[in-house]
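# Observations on the three-dimensional arrangement
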Amino acid sequence: MKKVMIGNHAVAWGVLRSRVEVISAYPITPQTQVVEALSDMVADGTLDARYIKVESEHSAMAACIGGAIAGVRTFTATSAQGLALMHELLHWAGGGRLPIVMANINRAMAPGWTIWADQNDSLSQRDTGWIQLYCETNQEVFDTTVQSFRLAEMVDLPVMLLLDAFYLSHTSEPVDVTEADVVDGFLPRREAEFRIDLEDPRAFGALVRPDSYMEMRWQQQEAMQRAHGVLREVEDEWERLTGRRYGALEEYRTKDADLLLVTSGTITSTARHVVDTRRDAGEAVGLIKVKMFRPFPTEDLRAALAGVERVAVLDRNFSPGHGGIFAEEIRSALYDVSAEDRPTLYGYVLGLGGRDVTPEVVEDVIDRTRRASEPERQDLWVGVEL
Amino acid sequence: MSDHRKDFYTPRDAGRGIPPIAISHASTLENRTGSWKYIRPRYEDRVAPCNEGCPVGIDIEGYMHLIGQGKLEEAADLLLRENPMPAITGRVCHHPCEDHCNRLSLDEPVAIHAVERRLGDMALAAPPPPRPEVSRPERVAVVGSGPAGLACAYHLSRLGYPVTVFEAASEAGGMLRQGIPEYRLPRAILDRQIERIRAAGVEIRCGARVGRDVPWSELDSYDAIFAAPGAHLGKKPRIGSGEAIPGIRPGLDFLKEVNAGGRPDVGERVVVVGGGNTAVDCARSALRLGAEVTVLYRRTPVEMPAIPQEVKEARGEGVDFVFLAAPVSASAAAGELLGVECQRMELGERDDSGRRRPVPVDEGRFSMLADTVLTAIGEDCDLSFLPEAVQTEWGMIRVGELNESTSAPVFAGGDVVDQPRSVADALGSGKRAAIGIDHFLRRRAGEELEPLVIEELRLGGAGNVSATRYRRDDPVRRESPVNEVVTWAQMNPNHFRRLSRHEDRFLSAVEIRKAFGEVNFGLSAKEALDEAERCLNCGVCNRCELCLIFCPDMAITRREDGDGFEIDLRYCKGCGLCVAECPRGAVVMTREDL
Amino acid sequence: MSQTIIRDRIPREELLASGHLACPGCAAPIAMRLVLKALGPQTVVVLPACCWSIIAGPWPQSSLRVPLFHTAFETGGAAASGIKAGLEARGDTKTTVIAWAGDGGTFDIGLQALSGAAERNEDIIYFCYDNEAYMNTGIQRSSATPWGAWTTTTPAEEPESQPKKDIVSIMAAHRIPYIATASVAYPVDLVEKVMKARFIRGTRFFHILAPCPPGWKTGNDETIDLARQAVLTRVFPLMEVEDGARWRFTAEHPGDPVEPYIRRQARFKHLTDDQVAHIQREVDARWQVLETRVEHGT
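This structure is a prediction, so every number in the text was calculated from the model and none was measured.

Residues and elements named next belong to chain B. Spatial ordering of the open sheet is given by E12-E13-E14, a layout of three strands whose pairing is antiparallel. Looking at the sheet topology across the chains shown, the edges are occupied by strand E12 (325-333) and strand E14 (356-369). Going across the sheet, the axis of each strand differs from the next one's by a mean of 20°, ignoring polarity. Bridging between E12 and strand E13 (residues 336-350) involves eight bridges; their strand directions are antiparallel. When the sheet's bridge partners are listed, Ser331 is paired in E13 with Gly339.

A common way to state how big an interface is: give the accessible area lost once the parts meet. Of the residues lining the interface, 11 residues belong to chain B; the matching set on chain A comes to 17 residues. Here the residues of the side of chain B that touches chain A are counted per class, giving seven nonpolar, two polar and two charged.

Our next topic: unusual backbone geometry. Working note: non-glycine residues mostly have negative phi, and peptide bonds are mostly trans. The omega torsion across Arg294 of chain A and Pro295 of chain A is -10°, close enough to zero to call that bond cis. As for its position among the elements, Pro295 of chain A is in the loop between strand E13 (292-294) and helix H11 (298-305). Pro409 of chain B follows Ala408 of chain B through a cis peptide bond whose omega is 0°. Even without being glycine, Arg97 of chain A reaches a positive phi, approximately 60°. By the secondary structure assignment, Arg97 of chain A is in the loop between helix H5 (87-95) and strand E5 (101-106). On the neighbour-count criterion, Arg97 of chain A (24 C-beta atoms within 10 Å) is buried. Despite not being glycine, Trp394 of chain B shows a phi value in the positive range, around 55°. Mapping Trp394 of chain B onto the fold places it in the loop between strand E17 (392-393) and strand E18 (396-397).

Once that is clear, we can look at the confidence of the model for chain B. Residues at a pLDDT of 70 or more form 96% of chain B, whose mean pLDDT is 92. Confidence drops under pLDDT 50 across residues 1-12 of chain B; counting only partners more than four residues distant or on other chains, this segment forms 13 contacts.

In this structure, Ile65 of chain A, Phe226 of chain B together with Val46 of chain C are the most contacted members of the largest nonpolar core, which totals 364 residues. The residues contacting Ile65 of chain A, other than those within four sequence positions of it, are Leu89, Trp92, Ala93, Gly96, Leu98 and Ile100 of chain A together with Thr71, Ala79 and Gly82 of chain C. The next biggest cluster of nonpolar side chains, apart from the first, holds 39 residues, and it includes Val271, Leu296, Val311 and Ala370 of chain B.

On the chain C side, the residues contacting the 37 residues of chain A number 38 residues. Contributing elements (two or more residues each) for the side of chain A that touches chain C: strand E2 (22-25), strand E3 (50-53), helix H3 (57-69), H5 and strand E9 (203-204) of chain A. For the side of chain A that touches chain C, the class distribution of residues is 20 nonpolar, nine polar and eight charged. The sheet contact formed by E9 of chain A and strand E3 (residues 68-71) of chain C spans two bridges and is parallel. Bridge assignment links Phe204 of chain A to a residue of E3 of chain C, and that residue is Phe69 of chain C.

What counts and how
Position numbers for residues count from 1 along each chain, tracking the sequence in the order it is written. Key to labels: chains lettered from A, ligands numbered from 1, both in the order written. With the structure being a predicted model, the display of local features is reserved for residues of pLDDT at least 70 and the display and counting of side-chain atom pairs for 80 or more, all residues being used for whole-chain, interface and lining totals. Any two strands are treated as partners once DSSP identifies two or more bridges connecting them. Helix numbering and strand numbering both begin at the N terminus, where a helix is a DSSP run of H or I of at least 4 residues and a strand a DSSP run of E of at least 2. An axis is simply a line fitted to the C-alpha atoms; with a helix, the fit covers only the stretch in contact. Between two such axes, the angle follows the N-to-C directions and lies from 0 to 180 degrees. Residues are treated as contacting if the C-beta atoms built from their backbones sit within 7 Å of each other. The nonpolar class holds Ala, Val, Leu, Ile, Met, Phe, Trp, Tyr, Cys and Pro. Asp, Glu, Lys and Arg form the charged class, and all remaining residues, Gly among them, are polar. Three exposure classes are used, all based on how many other C-beta atoms lie within 10 Å of a residue's own C-beta (placed from the backbone): buried at 20 or more, exposed at 12 or fewer, and partly exposed between those limits. How sure the predictor is of each residue is captured by pLDDT, a score from 0 to 100. We define a nonpolar core as a collection of buried residues of the types Ala, Val, Leu, Ile, Met, Phe, Trp, Tyr and Cys that are connected via C-beta atoms lying within 7 Å of each other.

Set out below in structure tokens:
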């Protein structure tokens, strides 16, 4: 079933198809169409779920945690300030190994007030134990929503799927909504490995002493590592059912490229267009789209980037006092690559607070990267005029 | 647990078995939190103050406890172990137990006497208990069938001795029959109660006054003798010159005549001299013969030895009391008494007994018309029948702690020994002597017995001895009993409701004047049960379970047999809430043995 | 019996195990024990951070014989809502889900989530056991700390300057179907209220005073007596509020003077007689308000 829909509705359709049982959410621009659509679906019975209309994102996540420990499939959606408010509970979900799925509409953090896209909100939650999947299109949003539940429930980790404010959330695109029976086969009802069970009463989350805490965290780390392979399996099956797959990493026209762009989110589409233009002009430029930020696809990145001369990382985010966050992570991943194969990496911070990253901006990035003798001492902030 | 879950909880690498999240698989029962404490609670049953206050030595709290459990027969049995005549004491005892009752600190004492009376009447209505087996070869003689003699005989019989009681009068009962008026103690009750004592194996020979009908030498054939002949000689008052004046007679003689069924003519105005129970009994009896009665007492109401309740009843019936006055002379004409001249008194210095001595007030003379004057200023004992070896002092027989006289195997009790002259004290002395005689005879028979520690037999250490303790067959489970009276401060009154006392029902004053029928109807069965429920069970665990309910550590559990509790010291942290919240002071804190 | 024998009115089932880690004489386990007796085994406990996070025992232990979910400090109302929704989603409508929070988790940091749950009339029972300060962290003041009290953050030179927050009125303003105050010193009242609440649908709120020996600076064996005295002095009246409108007292409140209650707690030892008199006036004024509500049903 093909429909033209905005990204937020693609999320809602994914939730519907996933037969989520408990939803708890709090409205925030630019997420509102997600919760509005879900409200309609629950109200008219399309979706047989309990929808807890909480008084804050914090409670939304707490309620999802409650639902998840009760053994059911849970979902929430938020953005920026709301995500930040959830912070403590993101740890609770991650460390508690609860397979909650959340859609976060990537929006810049205040102050000053902003509602437009950048990734600092979700990247600030990097270490909370959530798998992070950055989407490029509404179709990917729909597919990733469904896949996220499967992935989460297989590794007992929460999944945050991410879509750029307005560029996806409010932009209409055609989406092939997979039929319910297909999704049902792909994603059966959740059978929790551990949950509240009146027949077998247990305590969850009690005080853990130093002699055992690390063992639990190690298993969390192991699960994160396992998620690489599990995502591949999930995508294999999804591809078999729908013909669509995305990968933790997508390599686009990278063959024999001497310069690779690295992007995430909707900038990827713009970069794709520019790469096509340059390739048509005979320039050996390629593109790496990073979809999965956590667990970080280190091995895939090394394989994709080793031997390339120059790599330009486009970050719609930054870590104050450091640099573009994807750039920093990739630099770190490349440290173990031998010196002769290790590419020179150029970091670009751009598009913060929803500023347009036009094809011209991407062209500029490519040109600067080619011109540069060596990288700047810090990532280059593109288009900043004081 | 399904298989996949089992897999989750068990170690994946067969290592230390640490799961991916903090999910419990054990209980805090692993933590022996009892190691935190330095003090530990202990159940210790103490003694209720009423028990110590009872001259008979009755486990009052014990039978109240059994009543509370609905075990009425067991309650009556416990009572009968200590008191051979509860139907009588329930009516006539001055019940000092009630003066000791802790409820005084809360509202009003439990009407113990009324509960005892109900239990006593219930026991009388039931078939008599089986006659105790005679298991001892020794025989015991008892002189006098008053409360002391009957009690001693009863307890000895229960201890397995054949006992013979020698009674001078034609009917058994002593002062119970001769001294106590029928309106206080109906003869039917007395007769049935004595019948019960006979049924308990006691032989009573009436019309057998020792020293007259039976020579002392005949008693020598018995292995032990208990002398309780009572005090039957009314003291002579000094009114006027001391010559016999018609119309002035000893009150005790008058009482005996009335109690034997006589209805002497006392005229219209009777003056009774004295402040004891005999005086009050005389006054009320004379009232019933149609006279206007005035009691003259030389001290104040506070010093009156008579039972306050009796005084109150007498007043209610119309007896007039004149205090701080004493007769000094009488006037008579033509062989008939006209009246008495009286002297007003005031209280002076304290005498040897600690009471303030009455001294005459100047110009304080007044006269009273009287057709009869009944003197009731005390009674003496006739000890002429005793052999010399039995020493006396102040006209009474000298006895030791178990009422042994100075000459074995003679024991003595009741009004012939130096103790308060009450039915209860008489019963108590009889029991002490019975225990003394049993111990004496067993030792004489060669049994190796430890010396009796009488304090351990005395309830609370200062009360009377307990036959149950002597026989060590208490039917109530005691938790580490401590022979100390529990104090009000040791109890927690917060758990008690105030409940007003049920007062006995009385015949109306109009009807009283007409007859000698019982005036006090006591309480109904329901009211008596309600009174029993007012009992606080001071010092004794009654399984109320507050300790268990308030224990923050679930360290207190019911014993398997359901009777009492155990403290699991592995978990008790020594907080002391069980001690603080025990309503009756039956849990105490002790130092932890380190 | 002039002592009301209550043993047959307290269910015998024990759902709390010995060996828990409460301080000696702590009221919190007594309250939990009584509540679980009233609710029975088909109960889930949601436990935001509080003393009970420790009392319940460290991993791998649990002192409860019912499922227990430890949750973040401020999330009692929300996490319980989620668990209830999750159980219902799978067809379990019978299990009672309770949040069990201290005064900090209720009056302060958890108030928002509690208010949210109450406003949504979530089908949960929220219990606040109130020991009148942050005791688990070492006796810091909370908005439940009474006026004049010493805590480690309100030293005797500058003791608590604000009156205790009126949580019951706050909850009554949510017009939830049932609110009760309860005391460990009145176990039957507590148990019967919980049994009653168990069969009411919607949000039910309990405020249980839980004296804390180390925090109140009182003897370990005084817990029950303090809780009782709090009722008798009207410092902590026992009552029920139905639908936020019908107020009712459930015990006798003779109005004993507060001074002995205050003076026996060393956390108040710095108070002058005038200050104790001030507390008395506050208690009297509050009582008048409550009496009016009871009389007029609002």
